[in-house]
Amino acid sequence: MARRRQRTTVLVVPTAVRSAPWASRSLVRAGFRVIGASDDTGRLAGRNLTCLEPTHCPSPLDDAEAFVETIDDVCRRERVDALLPLDEACVQLLGSNADRFGGAVVCGPTEAQFQALCDKVALAATAERAGVATPRRAVVDSLESPVEWPPLPSIVKPASTGMIVDGNIVYRTAALARSAAERDALVADLIRVVGGALVEEQVSGRQWRIHFVRGDRGLATLAIETLRSWPPQTGLSSVQRVTPHVVGLREAASALIASVDYRGAGSVQFIQTDNRLVVHDVNLRLPATAAIAIRAGLDMARLAVEEALGRSPALGPLRLRPVTYTWLDGQLRNLEASLHDNRPEAAQLARELVLAAVSPRRILDPSGPLALASSLAAFARRRLRTAPAPPLAAAGRQAR
């Protein structure tokens, strides 16, 4: 009797990020065997139900070498064909160790590609060579030397989303500095932790993203507009919508990706100001909001894996569907801030959340009952902690 051929196996890591359930479902529908690994396998609210029993692995932030060794063991034991990393730490570590995993291919960038586009300092040079505009900036490794600062307010961030320090990944998020004192304090903290900082002018305008898959047979793209973010101005997109073609957007993203000959999935963020597109960020992985692309018709996970396996999927024009995406936790945070400040937009935010939950053209992510219950419970706890005391109760405490 002929031995039955094992299905192509894909290891998704980590399984508790927002994009993981969407990626896993996409790959299962395409006929792949999907397994997972995560350092957060016990958190029910973040559980990827396509991988009911993911392998526990060390956190790549706490012990990078142990993380890589565990992934290597899983790949060899499970005969993994492809690795799909879904956050920056995993992308960086798996890409820099791509020759280790028992022959499994890594669906992501090489070290050089990651450095050229995901390192914030190097991105500016890459963009300049590709003819793409960038914000005015200063790279600072000491506050003792004279610096030609960009104008305030400024965005202060590390040179890369995740920087390797003493063998481990260290994260610091971007922050908004409205004054020179705020800027200097943020820069001093980054110099202390990661050795340097990137300070950029705050560019205001419409925020656009290109979600893409590039391969041997072309470039498939999806244009998306960011309508809200959390935290505002410096945070992650909390509401996005698919948009028609925006002049110059696809071309600018294509120039950046082609400049390093990257093949795979990713996203490029732009800010449109003064009739020009300024590149803000590049991620060479499935974005956190991959749900909007998959629902709209760009099956990023399947296409990225097939491209990495050498199957050269078709990447022609897409028949896209109009979709609006809402990140549940981000919008609850926006609602909480509006209620705290008694802003009139609170009612609109609440309506948007309800529509996201019931409209067929909208996505509420995550949308499972466990995630929904967990997010609403956390929102209620925060409201109880921060809500002002009733007048009588407050008066009673003062009297005592």
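Every value quoted in this text rests on a predicted model; they were computed, and no experiment measured them. (Residues numbered from 1 in each chain as written. Predicted model: local features only at pLDDT ≥ 70, side-chain atom pairs only at ≥ 80, totals over all residues. Heavy atoms only, no water.)

(A) Structural view of the packing of helix 2 (residues 64-78) against helix 3 (residues 88-96). Taken N-terminus to C-terminus, the directions of helix 2 and helix 3 make an angle of 70°; their axes are 11 Å apart at the nearest point. By the angle between their directions, the pair helix 2 and helix 3 is classed as roughly perpendicular. The segment helix 2 lies against helix 3, with Ala 64, Phe 67, Val 68 and Ile 71 engaging Cys 90, Leu 93 and Leu 94. Looking at side-chain class alone, the contact of helix 2 with helix 3 contains seven nonpolar, no polar and no charged residues. (Axes fitted to C-alpha atoms, helices over the stretch in contact; angles between N-to-C directions. Helix = DSSP H or I, 4+ residues; strand = E, 2+ residues; numbered from the N terminus. Parallel < 35°, antiparallel > 145°, perpendicular 65-115°, else oblique. Contact = heavy atoms within 4.5 Å. Nonpolar A, V, L, I, M, F, W, Y, C, P; charged D, E, K, R; others polar.)

(B) Up close: the side chain of Thr 273. Among the structural elements, Thr 273 can be located in strand 15 (residues 264-273). Excluding its chain neighbours within four sequence positions, the residues that come into contact with Thr 273 are Val 203, Ser 204 and Val 278.

(C) Just a nonpolar patch on the surface, in detail. On the surface, a cluster of nonpolar side chains totalling about 270 Å² of accessible area is made up of Val 354, Leu 355 and Val 358. Along the chain, Val 354 falls in helix 11 (residues 346-358). A relative accessible area of 52% means that Val 354 is categorised as exposed. (Patch = residues over 30% accessible without salt bridge, like charges linked within 9 Å, V, L, I, M, F, W, Y side chains within 5 Å. Areas by Shrake-Rupley, 256 points an atom, 1.4 Å probe, with all protein chains shown as cover. Salt bridge = Lys/Arg side-chain N within 4 Å of Asp/Glu carboxyl O. Buried < 20%, exposed > 50% of the residue type's maximum accessible area, 1.4 Å probe, protein only.)

(D) Expanded view of a negative patch on the surface. Taken together, the side chains of Asp 39, Asp 62, Asp 63, Glu 69 and Asp 73 present a region of like negative charge at the surface. With respect to the secondary-structure elements, Asp 39 resides in the loop between strand 2 (33-38) and strand 3 (55-56). A relative accessible area of 37% places Asp 39 in the partly exposed class. (Lys, Arg positive; Asp, Glu negative; His and termini not counted. Charge placed at Lys NZ, Arg CZ, Asp CG, Glu CD.)

(E) Quick peek at the pattern of salt bridges. In the structure shown here, the tally under the stated rule is 22 salt bridges. Arg 263 serves as the salt-bridge partner of Asp 216, at 2.3 Å between the closest nitrogen and oxygen. Taken together, the positions of Asp 216 in the loop between strand 12 (206-215) and strand 13 (218-230) and Arg 263 in the loop between helix 7 (249-259) and strand 15 put the pair 47 residues apart, joining distant regions of the chain. A residue is classified by how much of its surface remains accessible, and Asp 216, at 52% relative accessible area, is exposed. Arg 263 sits in the partly exposed class, given a relative accessible area of 33%.

(F) Structural view of the nonpolar core. With 36 residues, the main nonpolar core has Val 10, Val 12, Leu 27, Leu 84, Leu 286, Leu 298 and Val 305 as its most contacted residues. When contributions to this core are tallied by element, the ones reaching two or more residues are strand 1 (9-13), helix 1 (19-29), strand 4 (82-85), strand 13, helix 8 (290-296), helix 9 (300-308) and strand 17 (324-327). For this core, the leading source of residues is helix 8, giving six residues. Apart from the residues within four sequence positions on either side, Leu 84 is in contact with Val 10, Leu 11, Val 12, Val 13, Ala 23, Leu 27, Cys 107, Leu 286, Ala 301 and Val 305. Membership of the second largest hydrophobic core comes to 27 residues, among which are Val 91, Ile 210, Ile 257 and Val 279. (Core = buried A, V, L, I, M, F, W, Y, C linked by side-chain atoms within 4.5 Å.)

(G) Structural detail: the sheet that holds strand 12. Taken in spatial order, the seven strands make up an open sheet running 16-15-12-13-14-17-18, and their pairing is mixed. With partners counted over all chains shown, the strands left at the sheet margins are strand 16 (276-283) and strand 18 (362-365), one partner each. Recorded for the sheet is a direction-independent mean angle of 30° between the axes of neighbouring strands. Taken together, the three bridges between strand 14 (residues 236-242) and strand 17 define a ladder with antiparallel strand orientation. In the strand pairing of strand 17, Val 239 is matched with Thr 326. Helix-sheet contacts for helix 9 involve strand 12 and strand 15, and the interaxial angle to strand 12 is about 40°. Of the strands in this sheet, strand 13, strand 14, strand 17 and strand 18 are in contact with helix 10 (residues 328-340), which crosses strand 13 at around 25°. (Pairing = 2+ DSSP bridges.)

(H) Geometry of a positive patch on the surface. Where like charges cluster on the molecular surface, the positive patch consists of Arg 25, Arg 29, Arg 295 and Arg 321. With respect to the element layout, Arg 295 can be found in helix 8. Taking the relative accessible area as the measure of exposure, Arg 295 reaches 31% and is therefore partly exposed.

(I) Representation of the sheet that holds strand 11 (residues 197-201) in the model. With antiparallel pairing, the four strands of this open sheet are ordered in space as 6-11-7-10. Of all strands in the sheet, those bounded by a partner on one side alone are strand 6 (137-140) and strand 10 (175-177). Taking each pair of neighbouring strands and ignoring which way they run, the sheet shows an average axis angle of 25°. Contacting strand 6, strand 7 (154-157) and strand 11, helix 5 (residues 120-130) runs over the sheet at an angle of about 140° to strand 6. The sheet contacts of helix 6 (residues 180-194) involve strand 6, strand 7, strand 10 and strand 11, and relative to strand 10 the element is tilted by about 140°.

(J) How the structure looks around the pairing of strand 14. A large share of strand 14 lies buried, amounting to five of its seven residues. By the bridge criterion, six bridges tie strand 13 to strand 14 in an arrangement that is antiparallel. Pairing of Ile 224 across the sheet is with Val 242, part of strand 14. Hairpin remark: strand 13 followed by strand 14, antiparallel, with five residues in the connecting loop; positive phi at Gln 233, about 80°.

Shape is all these values report; function is a separate question.
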